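Chain by chain, the residues:
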Amino acid sequence: MTNIGHFRAAGNLLKENKDPLQVRLWMAPPTKMDEAQLREEGYYEIYKAAGVRTEVPGCSLCMGNQARVATGSTVMSTSTRNFPNRLGTNAKVFLGSAELAACTAILGRLPTVEQYHTFMASIDSKAKETYRYLNFDKISSYLEKSSDIHISGKTKADAHEMQCSGCALAQ
C-alpha cells in the first residue's frame, strides 16, 4: 500500500509523459478519502488522459477482488505482499512504489536505476507539495462527520498514554 503523495507523484510523472503508455496501468488508491482528494486535485483527469484504469479504493487489486490479470502476466504492483497467483494465475509480480509503477508503465519495462533517478528528478523539486499527507483533522467533511462522536476522557487519556509509550519504545 502507498499513501496519497505517491499517487500524486505517479500522476505528475504521467502528466509529464507525452507518449502513450507502453503497458496497461491500473491504479487503486488506498482509501475513499484519498480518492476524493485526488479527484479534487485533478489527478483523476491526469490518470484518464494517460489511459490509466482506476479501480475501487482499497485492496481491490492487491487482493484480486475487483479484477485479475491474464494468466502468465508480468505485473508491477504497489501491494505490500506477493505470493503465487495473488493477482492472477501464474502472474509474475514485482513489488515497488507508485512512482516505480508509473515509470514502468511509461517505459514498458522496469527502469534502470539511472532512468528511475531521471524520472524522479522532476518529482524531487516538488517533493514538499507532492508528498504532503492527507490530514484528516484539517478536512472539513471529515470534521463534520466526526463532530457527533463522543470520546470519553478515559479513552483519550488511554490513547495519549499509548501514543507516548509508543514514542518511548521507538527511541
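As the structure is a prediction and not an experimental result, all values here were calculated from the model.

Undergrad: Describe the packing of aromatic side chains, and please don't skip the residues or the numbers.
TA: Counted by the stated rule, this structure contains two aromatic pairs. Chaining the aromatic ring pairs together yields one cluster made of Tyr43, Tyr44 and Tyr47. Above the plane of the ring of Tyr44 lies Arg39, whose end atom (NZ or CZ) is 4.0 Å from the centre. Arg53 extends its terminal NZ or CZ atom over the ring of Trp26, reaching a point 4.2 Å from the ring centre.

Undergrad: Can you explain the environment of Thr31? Please cite residues and give values.
TA: Along the chain, Thr31 turns up in the loop between strand E1 (26-27) and helix H2 (32-40). Thr31 sits in the partly exposed class, given a relative accessible area of 32%. Taking the C-alpha atoms as reference points, Thr31 and Val56, 25 residues apart in sequence, are found 8.8 Å from one another. If sequence neighbours within four positions are ignored, Thr31 has contacts with Pro57 and Gly58.

Undergrad: How would you explain unusual backbone geometry if you had to name every residue and give the values?
TA: Even without glycine at this site, Asn85 takes up a positive phi of about 70°. Positionally, Asn85 belongs in the loop between strand E3 (74-77) and strand E4 (92-95). For Asn85, a relative accessible area of 36% corresponds to the partly exposed category. With a phi angle near 60°, Asn90 is a residue other than glycine that sits in the positive phi range. Classification of Asn90 as exposed rests on a relative accessible area of 57%.

Undergrad: Break down the confidence of the model for the protein for me, citing the residues and quoting the values.
TA: Mean pLDDT over the protein: 85, with 90% of residues reaching 70 or higher. No element of the protein has a lower mean pLDDT than helix H8 (residues 153-170), at 71, and none a higher one than helix H3 (residues 43-50), at 96.

Undergrad: So what about the nonpolar core? Which residues, and what values?
TA: The biggest cluster of nonpolar side chains holds 25 residues, and the ones touching the most others in it are Leu13, Leu14 and Tyr47. When contributions to this core are tallied by element, the ones reaching two or more residues are helix H1 (4-16), H3, helix H4 (98-107) and helix H5 (113-124). For this core, the element with the most residues is H1, which contributes six residues. Not counting residues within four places of it along the chain, the set of residues in contact with Tyr47 comprises Phe7, Arg8, Gly11, Leu14, Met27, Leu38, Val52 and Thr54.

Undergrad: Explain a nonpolar patch on the surface to me, using residue names and the numbers behind them.
TA: A cluster of nonpolar side chains, namely Phe136, Tyr142 and Leu143, defines an oily patch on the protein surface of about 260 Å² accessible area. Of note, Phe136 is situated in the loop between helix H6 (127-130) and helix H7 (140-146).

Undergrad: Please give an account of the pattern of salt bridges that cites residues and values.
TA: Two side chains that carry opposite charge are able to pair once their charged atoms sit near each other. According to the stated counting rule, one finds seven salt bridges in the structure shown. Across the salt bridge formed by Glu16 and Lys126, the nearest N and O atoms sit 3.6 Å from each other. Of this pair, Glu16 sits in helix H1 while Lys126 sits in the loop between H5 and H6, and the two are 110 residues apart along the sequence. Taking the relative accessible area as the measure of exposure, Glu16 reaches 39% and is therefore partly exposed. Close ionic contact of Arg53 with Glu55 constitutes a salt bridge, the shortest N to O distance being 2.5 Å.

Undergrad: Give me H1: which residues, what numbers.
TA: Between its terminal C-alpha atoms H1 stretches 19 Å, which fits the 18 Å expected from 13 residues at 1.5 Å a residue. Here H1 lies mainly inside the structure; ten of its 13 residues are buried. Of the residues making up H1, those classed as buried are Ile4, Gly5, Phe7, Arg8, Ala9, Ala10, Gly11, Asn12, Leu13 and Leu14. At the N-terminal end of H1, a side-chain oxygen is found 2.8 Å from the backbone nitrogen of Gly5, two or three residues along, and the residue is Asn3.

What counts as what
Residues numbered from 1 in each chain as written. Predicted model: local features only at pLDDT ≥ 70, side-chain atom pairs only at ≥ 80, totals over all residues. Heavy atoms only, no water. Phe/Tyr/Trp six-rings, centres within 6.5 Å; stacked < 30°, edge-to-face > 60°. Lys NZ or Arg CZ within 6 Å of the ring centre and 35° of its normal. Helix = DSSP H or I, 4+ residues; strand = E, 2+ residues; numbered from the N terminus. Buried < 20%, exposed > 50% of the residue type's maximum accessible area, 1.4 Å probe, protein only. Contact = heavy atoms within 4.5 Å. pLDDT = per-residue confidence, 0-100. Core = buried A, V, L, I, M, F, W, Y, C linked by side-chain atoms within 4.5 Å. Patch = residues over 30% accessible without salt bridge, like charges linked within 9 Å, V, L, I, M, F, W, Y side chains within 5 Å. Areas by Shrake-Rupley, 256 points an atom, 1.4 Å probe, with all protein chains shown as cover. Salt bridge = Lys/Arg side-chain N within 4 Å of Asp/Glu carboxyl O. Expected span 1.5 Å × (residues − 1). Polar contact = N/O pair within 3.5 Å; in protein donor to acceptor, adjacent residues only side chain to side chain.

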